[in-house]
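# Summary of the model geometry
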Amino acid sequence: MDPLTLGLIVAFTTIAVLFSGVAVASGLLIVAAIFLVAFDGARSLELIPEILFGKLDNFALLSIPMFILMGASIASTRAGADLYEALHRWLTRVPGGLVISNLGACALFAAMSGSSPATCAAIGKMGIPEMRKRNYPDGVATGSIAAGGTLGILIPPSVTMIVYGVATETSIGRLFLAGVIPGLLLVGLFMAWSIYSTWKSGAGDALSAQSYSWKEKLEVLPRVLPFLAVIAGVLFALYGGVATPSETAAVGALLCLLLAIVIYRMTDMKALWTMLRDTTKESVMILFIIAAAGVFSYMLSSLYITQAIAEWIGTLDVNRWVLMAYVNLFLIVAGFFLPPVAVILMAAPILMPIILGAGFDPYWFAVILTINMEIGLISPPVGLNLYVINGIAPDIPLKTILKGSAPYVACMVLAIIILSIFPSLATWLPDLLMGPAIS
Amino acid sequence: MNQAIRAVNLLSRVTGVIAALMIVAAVAITCQMIFLRYFLNASTVWQTEIVVYLMIASTLLGLPYVQQLKGHVNVDLVPLMLPPVPRKLLLILSLLAGAIVLGIMAFYGGEITYLAFSKNWTSDTVTAVPLWIPYISMPIGFGLFTLQLLVDMHRLIKTPAVEINIEIGGH
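Sequence order as written defines the numbering, with residues in each chain counted from 1. Going through the entries in the order they are written, you letter the chains from A and number the ligands from 1. For a predicted model such as this one, the threshold for reporting local features is a pLDDT of at least 70, and the threshold for listing and counting side-chain atom pairs is 80 or more; totals across whole chains, interfaces and linings nevertheless cover every residue. The side-chain figures draw on all heavy atoms in the structure; neither hydrogens nor water molecules are used.

## A few points about helix 16 (residues 305-315) of chain A
Residue and element names in this part refer to chain A. Only protein chains enter the accessibility calculation, which uses a 1.4 Å probe. A residue is then buried if its area is under 20% of the maximum for its type, exposed if over 50%, and partly exposed in between. In this text, helices come from DSSP runs of H or I with a minimum length of four residues, and strands from runs of E with a minimum of two, each type numbered from the N-terminal end. All buried positions along helix 16 are accounted for by I305, T306, A308 and I313. Viewed along the axis of helix 16, the buried residues span an arc of 165 degrees, placing them on a single side of the element. In helix 16, the exposed positions angled more than 90 degrees off the buried face are occupied by E311, G314 and T315. For this analysis, residues touch if any pair of their heavy atoms sits within 4.5 Å. Buried-residue contacts for helix 16 involve helix 1 (3-19), helix 15 (269-302), helix 17 (320-337) and helix 18 (340-357). By arc we mean the arc of the directions from the helix axis to the C-beta atoms, nothing more.

Okay, structure coming up:
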């Protein structure tokens, strides 16, 4: 059979199997097994466990459980609340200070955790009730946190970037740096929209200043010091030549664990186990998807589907930006349904040669891809962050949260357009700190 | 039957705890390695390989426990839209299909572990780890995961269709 036709059949089968409600990783293994048996014979089943083991046998992946442990231990403490409180007291003089401090806290928290739902939950628990008390519209209160939470996968450390680095054999340290300025750009856009929308809804009084005395402002500072110390420690380990990005994750995890136990007095065995259990749950889930997606892409390339698609796209005579628009459309649709790591691992081997062939920078593309995944996190039907918010503020209907987060999706699309016009926003910082990429 | 189900649930929890401790061990060993290398200028030999094996084993041994916690993400859009009876059938089918494929993986994972053991395969590094040790997490992890999927399927079959909480599926 022509590999392209076969590719279409695989695509439809994958969609049908994944939509049946089977776990994503098991679904990928089922599809891979069916097609390997049908086209390579039953003996190919023997190879699957070895391929799966081989996909996991990668030192870079080690950072995933560790960054998850880092985020989970910080999320199980009051650190998020302290950070939020400090920014709030210092920024109240600024119009719209509350929503600015919420988004700022999301961005800073994202710098400690590679996970979007964790960021959303940690800041939202404090931020959403506070914003509603101060008359911010429900849509802004929930939408800003849902969107701010997605920064978790763009601002380093980011699990998504690690997976991209592993799948495309690009430098993880460079990928992390590439996410910094686009992350700040997104924060800026989110802030601008939040303030404009609050002002326009007539809740302008919510934006007015509320004052805290200097004593109140200063007494909160020591509580964010440990947080900043951990960030400084991690950055030093990463860019001071102490450790590779994967090893840095271990330093970060150890520092956060110590922070939780020593500073925040989390000595209760039950609380420690809950945190460890959540870490294991997320880490196993993500690594199993990575391993299964590895088997899936082995199947695609062993049946020449990957190669055929890349060749076929190569023969299409389209403008590179038209091509990029199609790639974005594909990523957004895939991101609506599948978790980011699954999309990256399935799409990267097919997309990478196309992206490089069209003259795009792989680090710039990592940022574009990640923003696309962020859109999926706050869009129906499976937008994870929307459900986290729904759990925090159950009395706000999901419809209001959806309406509230839609403009933030528009901000992300705008960010993709800005980054397409000025690609150096993503590539400037890594080039400055690490020298130009060798590729 | 009930005893078998209880045994599977218990074993899944035990391997889950082992998986969690392996993550902690990997963190500790990695930090020890960085400390030795950066502060004492010592060379490190075995750590890199061992921590990767710990991570792999933690993932494979953690599979049944995460299934028990309903922690494997799925797309539940279609099951949610279906009427109760077809939904129940679809969820049973998806658990069964998962169990079949993972059962096959447990079998071949066991075969490669046996091969590695009987032929004394070792990793091609200085440490020369006997490969059956990391490999054995495949038959154990996949095997117990298969049993846990069957236990969940059994519970699903016994639950009346209208009472099925969507979480029981592959979630």
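## Some words on the interface of chain A and chain B
Residue-level contacts link 52 residues of chain A with 55 residues of chain B. With both sides pooled, the region where chain A packs onto chain B buries about 4,700 Å², and carbon together with sulfur makes up 82% of that total. One speaks of a salt bridge when a side-chain nitrogen belonging to Lys or Arg is within 4 Å of a carboxyl oxygen belonging to Asp or Glu. Across the chain A-chain B interface, the total number found is one salt bridge. Note that E247 of chain A and R37 of chain B form a salt bridge whose closest N and O atoms lie 2.8 Å from each other. N or O atoms closer than or at 3.5 Å make up a polar contact, with two conditions inside protein: a donor-capable atom paired with an acceptor-capable one, and, for residues adjacent in sequence, both atoms drawn from side chains. Between chain A and chain B we count three residue pairs in polar contact (both at pLDDT 80 or more) in total. Top contributing element to the side of chain A that touches chain B by residue count: helix 15 of chain A, with 11 residues. By buried area we mean how much accessible surface two parts lose on assembly, using a 1.4 Å probe and totalling the loss over both.

## A short note on the environment of I172 of chain A
The residue I172 of chain A is located in helix 10 (residues 172-178) in this model. Sequence separation between I172 of chain A and A81 of chain A is 91 residues, and the spatial gap between their C-alpha atoms is 30 Å.

## Let's talk about the state of the cysteines
Disulfide: a pair of cysteine sulfur atoms within 2.5 Å of each other. Applying the stated criterion to the full structure yields zero disulfides over all chains. The cysteine C120 of chain A is free of any disulfide, with C106 of chain A supplying the nearest cysteine sulfur at 6.8 Å. With relative accessibility at 0%, the residue C120 of chain A sits in the buried group. Of all cysteine sulfurs in the structure, the one in C256 of chain A sits closest to C31 of chain B, which takes part in no disulfide; the separation is 11 Å.

## Here's the deal with the nonpolar core
Counting residues in each nonpolar core, the largest one holds 201 residues, and the members touching the most others are L29, I64, M299 and F365 of chain A together with F142 of chain B. If we skip the residues at most four places from it in the chain, I64 of chain A touches V159, I162, V163, I286, L287 and I290 of chain A. Nonpolar cores were defined as sets of buried Ala, Val, Leu, Ile, Met, Phe, Trp, Tyr and Cys residues, with membership established by side-chain atoms within 4.5 Å. Grouped together as the second largest cluster of nonpolar side chains are five residues, A237, V242 and A243 of chain A together with I34 of chain B included.

## Some remarks on the pattern of salt bridges
If the charged atoms of two oppositely charged side chains come close together, the side chains can form a pair. Residues and elements named next belong to chain A. A complete count under the given rule lists 12 salt bridges over all chains for this structure. A salt bridge links R132 to D395, with the nearest nitrogen and oxygen atoms 2.9 Å apart. Of the two residues, R132 is situated in helix 7 (residues 116-133) and D395 in the loop between helix 20 (384-392) and helix 21 (398-421); the sequence distance between them amounts to 263 residues. Judged by relative accessible area, R132 falls into the partly exposed class, the value being 27%. The exposure class of D395 is exposed, given its relative accessible area of 54%. Taking the shortest distance from any N to any O, the salt bridge between R174 and D431 comes out at 3.1 Å. With R174 in helix 10 and D431 in helix 22 (residues 424-434), this residue pair connects regions lying 257 residues apart in the sequence.

## Quick word on the environment of M285 of chain A
Residues and elements named next belong to chain A. Residue placement: M285 occurs in helix 15. The buried category is assigned to M285, whose relative accessible area is 15%. When the C-alpha atoms of M285 and V24 are compared, they prove to be 9.5 Å apart, with 261 residues separating the residues in sequence.

## Let's talk about a nonpolar patch on the surface
All names here are of chain A. Side chains of W312, L316, V318, V322, Y326, L329 and V333 sit close together on the surface and give an oily, nonpolar patch of about 650 Å² of accessible area. Among the elements that line the nonpolar patch, the one with the most residues is helix 17, at four residues. Summarising the element assignment, V333 is placed in helix 17. Put simply, a patch holds well-exposed residues, over 30% relative accessible area, that have no salt bridge, with like charges counted together within 9 Å and Val, Leu, Ile, Met, Phe, Trp or Tyr side chains within 5 Å. In this description, accessible areas are obtained by the Shrake-Rupley approach with a 1.4 Å probe, and a residue is regarded as covered only by the protein chains that are shown.

## Considering the environment of I140 of chain B
With respect to the secondary-structure elements, I140 of chain B resides in helix 6 (residues 137-158). With 12 residues separating them in the primary sequence, I140 of chain B and D152 of chain B have C-alpha atoms 18 Å apart.

## Some points on unusual backbone geometry
Residue and element names in this part refer to chain A. With omega at -5 degrees, the peptide bond leading from P156 into P157 counts as cis. Secondary-structure assignment places P157 in the loop between helix 8 (138-150) and helix 9 (159-168). Its identity as a non-glycine residue notwithstanding, N135 has a phi of 70 degrees, on the positive side. Relative to the helices and strands, N135 is located in the loop between helix 7 and helix 8. Although it is not a glycine, E169 adopts a positive phi angle of roughly 55 degrees.

## As for the packing of aromatic side chains
Classification of ring pairs rests on two measures: the distance between centres of Phe, Tyr or Trp rings, Trp counted by its six-membered ring, which must be within 6.5 Å, and the angle between planes, read as stacked under 30 degrees, edge-to-face over 60 and tilted in between. One pass over the full model with this rule turns up 16 aromatic pairs over all chains. With centroids separated by 4.9 Å and ring planes inclined at 85 degrees, the aromatic side chains of F53 of chain A and Y135 of chain B adopt a geometry described as edge-to-face. With F53 of chain A in helix 3 (residues 48-56) and Y135 of chain B in helix 5 (residues 132-135), this residue pair bridges two chains. The pair formed by F53 of chain A and Y135 of chain B is uniform in burial state, with each residue classed as buried. With a centroid separation of 6.2 Å and an interplanar angle of 45 degrees, the aromatic rings of Y196 of chain A and W199 of chain A are classed as tilted. Linking Y196 of chain A with W199 of chain A, this pair stays in helix 11 (residues 180-200), spanning three residues, or about one helical turn. Put simply, the rings of F53 of chain A together with Y53 and Y135 of chain B pair up and form one aromatic cluster.

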